[in-house]
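Structural overview for review
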Amino acid sequence: MIQEQLRQLIHEALTKMSSDNGSDVSAPLTATKIAGDFPRSIEIETPNNPEHGDFSTNIALVLSGLLDAPPRQLAERIVANIPPNDIIERVEVAGPGFINFYLLPLWLHKVLEQCLTKPDRYGCSDYGTGQKVQVEFVSANPVGPIHIGNARGGPFGDALANLLATIGYEVQREYYVNDGPENTQLKIFGASVQARYLQELGIETEFPADGYQADYVVDLAQRIVKQDGDAHADVPADESGALHFFSLVEEWMVEGLHEDCAAMGIEFDRWFRETELYEQDQVRQQVNGLLQSGTAYEKDDAVWLRAAEFGDEEDRVLIRRSGSPTYIASDLAYAVDKFIKREFDKVIYVWGPDHAGYVARLQAALAAIGVKKDQSEFIIYQTVRFLEGGEPLALSKRQGNIITIREIIDDIGRDATRFFFLMRSVDAHLDFDLDLARQQSQENPVYYVQYAHARICSIQREAAKRGFEVLPLQQVDLSLLTHPDELTLLRKIADYPQLIQQAALDRAPHRLPHFAGELAQTFHQFYSTCRVLDPDQPALSQARLKLVQGTQMVLQNLLGLLGITAPEQM
RNA sequence: GCGCCUGUAGCUCAGUGGAUCAGAGCACCGGACUUCGGAUCCGGGUGUCGGGGGUUCGAAUCCCUCCAGGCGCGCCA
């Protein structure tokens, strides 16, 4: 990256300054230290105002405090010490002490060359190479389809995983299926299926007060009747009966979750069943281990984790008075599997807002088993409000009126669905207005981006149709690209690697749709002023075709990261 | 009561220590085409960046406080 080269030049300037004689004593010493560390608060960035150069750094402003020197004066000294090089045209000190770099136009053409030489790798880096990261997301209970209330983590986790892979991490996508025998939700769900089943058989039954009332539960009951008739009519209406009925539908439920995720374009590397932990007696074993090490203790006929000693508000129950393990007990066993058995360097948990209060608890539990603090990350996405006719809809699975993610996808399409979910920061509440989404589906931002790609493909088709011979890169003179709109587009392409890196590090996939929109806009502007296929200017046409192709590559990369198709025509 | 998230243009939201940083999309109004796709382009913004205080050379951005909204706070998951 060009920024790296500039960084190196500044670094050399600082080192040179610190060895200069004739200046004061303390400043050079500190400059040496800073040259070594090069603090993160020092930025090399693209100025918003093009008049401020191609790149700009705030280094003199940041260092002036540390070195006790006026920023502008410091900036001048740094500039004077920058070694000779072949990328900078000129450097200026501006404003309160910014250093602005004006590069030789050649650098933009070099960037395009890089992009076209290794299009798949453009924007990639080796930042995370050698590190295993797991992103665990969705993980909705197997008690119903994925719906608009818990779907947001899907596209987010998927795009985040893509981003992390782009900067070199070895990434694994995991779905945790809470099908453990102690899951209270499952029991309520199983009891609901049982009640509907008996009703299907015409047997008068009281529906559980807190049961799942949605229609799909009736469908499941009908499916059981169709398959087994009244074979389960005599199953007792107690906990064991509820679990029996859950076991009857479990595979259907998990299958449905697979299909829902597939509909969203998400493929998990692993579906981890909570039952695996119980089958291998991992939960008990882990709790016993904690008891032995004194990290857990017995009180009031229950087993408690000393969570308060690890940062939680209070100690937490691991084994209930009834003798059955709590969710946190199996989550601990699950964490042991992730961090210790499978040796992930980092696990990113993507959770819904209802789990916000659980973060501190699991963090404490992780600390209790010796997982380092920076090995786990918790991303809580905020609520999605689903509006129809201006009214927010209730999303509870317990009630009948759920809206599944597949209904949305059938309605407005996968691309638009993913784009809508991804274009907002997960920290922000999301208003998903169905009326608007339908109505706007033709004016949707995703179409704007896809249209740019389709248009590029169209230009290439046209070139082929006219018998335009596309020359290999080495024979094309990219330096002919000098029009302001060409340079703006080149600059946008050059910005891409930095965007990817930062979006990945900030866990901020929502920057991608924004950037994609900007890139598309820049391209459309270029298109309206610069004729690509111009018979009168064959050399320029060749160069413009390369520019168009570079844009296409970046668009494809971006859309790929978002999990959205890049159509050749629309 | 405590914790997390949010408060920016009519609406939905970016920007979270930099300079023309008061922004985008939508909506609304007005323009552009005998030429590579008009799902396009160009022009049109009087906003207490929720209020107040503080830190800083510099604050929408960091800290404190108040106000408003959302979501959590179980031997449920």
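Residues numbered from 1 in each chain as written. Chains lettered and ligands numbered in written order. Predicted model: local features only at pLDDT ≥ 70, side-chain atom pairs only at ≥ 80, totals over all residues. Heavy atoms only, no water.

1. A look at the overall build of chain A
Counting its regular elements, chain A contains 20 helices and 15 strands. If you line up chain A on its principal axes, its C-alpha atoms span 90 × 65 × 40 Å. Here chain A, with 570 residues, has 53% of them falling under the buried criterion. Sequence separation of 24 or more characterises 73% of the internal contacts of chain A that already satisfy a separation of 6 or more. Looking at chain A, you have 51 positive and 82 negative side-chain charges, and the mean spots of the two groups are 4 Å apart. (Helix = DSSP H or I, 4+ residues; strand = E, 2+ residues; numbered from the N terminus. Buried < 20%, exposed > 50% of the residue type's maximum accessible area, 1.4 Å probe, protein only. Contact = heavy atoms within 4.5 Å. Lys, Arg positive; Asp, Glu negative; His and termini not counted. Charge placed at Lys NZ, Arg CZ, Asp CG, Glu CD.)

2. Re the pattern of salt bridges
Within this structure, the stated rule accounts for 26 salt bridges. Residue Glu259 is joined to Arg406 by a salt bridge in which the shortest nitrogen-to-oxygen separation is 3.6 Å. Highlighted residues: Glu259 in helix H9 (residues 239–263) and Arg406 in helix H14 (residues 405–412), separated in sequence by 147 residues. Two residues, Asp260 and Arg406, come together in a salt bridge whose shortest N-O distance is 2.4 Å. Of this pair, Asp260 sits in helix H9 while Arg406 sits in helix H14, and the two are 146 residues apart along the sequence. (Salt bridge = Lys/Arg side-chain N within 4 Å of Asp/Glu carboxyl O.)

3. Describing the pairing of strand E9 (residues 302–305)
Across the two faces of E9 the burial is the same, with Ala302 and Trp304 and Val303 and Leu305 all buried. Connecting strand E8 (residues 296–299) to the next strand, E9, in antiparallel fashion are 2 residues, including Asp300 with a positive phi near 55°. (Pairing = 2+ DSSP bridges.)

4. Topic: empty space enclosed by the protein
Taken as a whole and assessed by the stated rule, the structure comprises 1 cavity of 30 Å³ or more. Its boundaries defined by the atoms lining it, the largest cavity holds a volume of some 30 Å³. In this structure, the largest cavity is lined by Ile2, Gln3, Thr46, Phe55, Ala494, Asp495 and Gln498. For the lining of the largest cavity, the secondary-structure elements that each account for two or more residues are helix H1 (2–19) and helix H18 (484–505). Top contributing element to the lining of the largest cavity by residue count: H18, with 3 residues. Residues of the lining of the largest cavity, tallied by class, amount to 3 nonpolar, 3 polar and 1 charged. (1 Å grid on protein atoms, 1.4 Å probe; cavity = no way out; pocket = protein on both sides within 12 Å on 5 of 7 lines; lining within 4 Å. Points joined across faces, edges and corners; volume = space filled by probe spheres on them. Nonpolar A, V, L, I, M, F, W, Y, C, P; charged D, E, K, R; others polar.)

5. Let's talk about the sheet that holds strand E1 (residues 44–45)
Read from one edge of the open sheet, 4 strands run E1-E2-E4-E3, paired in antiparallel fashion. The open sheet has two edge strands, E1 and strand E3 (88–94), and neither has a second partner. When E1 meets strand E2 (residues 55–57), the two strands line up antiparallel, connected through 2 bridges. Opposite Ile44, over in E2, you have Thr57 as the bridge partner.

6. Some details on the environment of Asp427
Residue placement: Asp427 occurs in the loop between helix H15 (414–422) and strand E15 (430–433). Asp427 sits 52 residues away from Ser479 along the chain, and the two C-alpha atoms are 43 Å apart. Discounting residues that sit within four places of it in the chain, Asp427 has contacts with Ile380 and Gln382.

7. A word on the side chain of Ser56
As for its position among the elements, Ser56 is in strand E2. Only 3.3 Å separates the side chain of Ser56 from the side chain of Asn100, close enough to count as a polar contact. (Polar contact = N/O pair within 3.5 Å; in protein donor to acceptor, adjacent residues only side chain to side chain.)

8. Notes on the protein's contact with RNA strand B
For RNA strand B, the set of nearby residues contains 64 residues, the closest of which are Ser56, Asp427, Tyr448, Tyr451 and Arg455. Of what RNA strand B places within 4 Å of the protein, 60% of the atoms are sugar or phosphate. In this structure, a sugar or linking oxygen belonging to RNA strand B sits 2.4 Å away from a main-chain N or O atom of Asp427. For RNA strand B, a phosphate oxygen lies 3.1 Å from a polar atom in the backbone of His429. (Near = heavy atom within 4 Å.)

9. Considerations on helix H8 (residues 215–228)
Spanning 14 residues, H8 covers 20 Å between terminal C-alpha atoms, matching the ideal 20 Å at 1.5 Å per step. When H8 is considered as a whole, its buried residues turn out to be Tyr216, Val217, Leu220, Ala221 and Ile224. The arc enclosing the buried residues of H8, seen along the axis, measures out at 150°, which places them on a common side. Exposed and oriented more than 90 degrees from the buried face of H8 are Asp215 and Lys226. As for H8, its buried residues are in contact with helix H7 (184–200) and H9. Positive phi appears at Gly229, one or two residues downstream of H8, with a value of about 60°. (Expected span 1.5 Å × (residues − 1). Arc of directions from axis to C-beta.)

10. Side note on the sheet that holds E9
Pairing in this open sheet of 3 strands is antiparallel, and the strands run E8-E9-E10 from one edge to the other. Of all the strands in the sheet, just E8 and strand E10 (316–319) have a single pairing partner and so form its edges. Between one strand axis and the next, the sheet turns through 45° on average, direction left out of account. Taken together, the 4 bridges between E8 and E9 define a ladder with antiparallel strand orientation. (Axes fitted to C-alpha atoms, helices over the stretch in contact; angles between N-to-C directions.)

11. Brief notes about the confidence of the model for chain A
Keep in mind that low pLDDT regions are not for reading the predicted coordinates in detail. Put simply, chain A has an average pLDDT of 88, and 91% of its residues get 70 or more. When pLDDT is averaged over each element of chain A, strand E6 (residues 170–177) comes out on top at 97 and helix H2 (residues 26–37) at the bottom at 50. (pLDDT = per-residue confidence, 0-100.)

12. Overview of the packing of helix H5 (residues 106–117) against helix H20 (residues 538–562)
In the contact formed by H5 and H20, the axes pass within 9 Å of each other and the chain directions differ by 60°. Between H5 and H20, the crossing angle belongs to the class labelled oblique. Relative to H20, the crossing made by H5 is left-handed. Contacts between H5 and H20 involve Leu112, Cys115 and Leu116 from the former and Lys546, Leu547, Gln549, Gly550, Met553 and Val554 from the latter. In terms of residue class, the contact of H5 with H20 is made up of 6 nonpolar, 2 polar and 1 charged. (Parallel < 35°, antiparallel > 145°, perpendicular 65-115°, else oblique. Left-handed = near helix turned anticlockwise from the far one by under 90°.)

13. Topic: unusual backbone geometry
In this model, Val138 sits at a positive phi of 65°, which is unusual for a non-glycine residue. Relative accessible area serves as the criterion here: at 13%, Val138 is assigned to the buried category. Phi at Asp301 takes a positive value of approximately 65°, unusual for a residue other than glycine. One can find Asp301 in the loop between E8 and E9.

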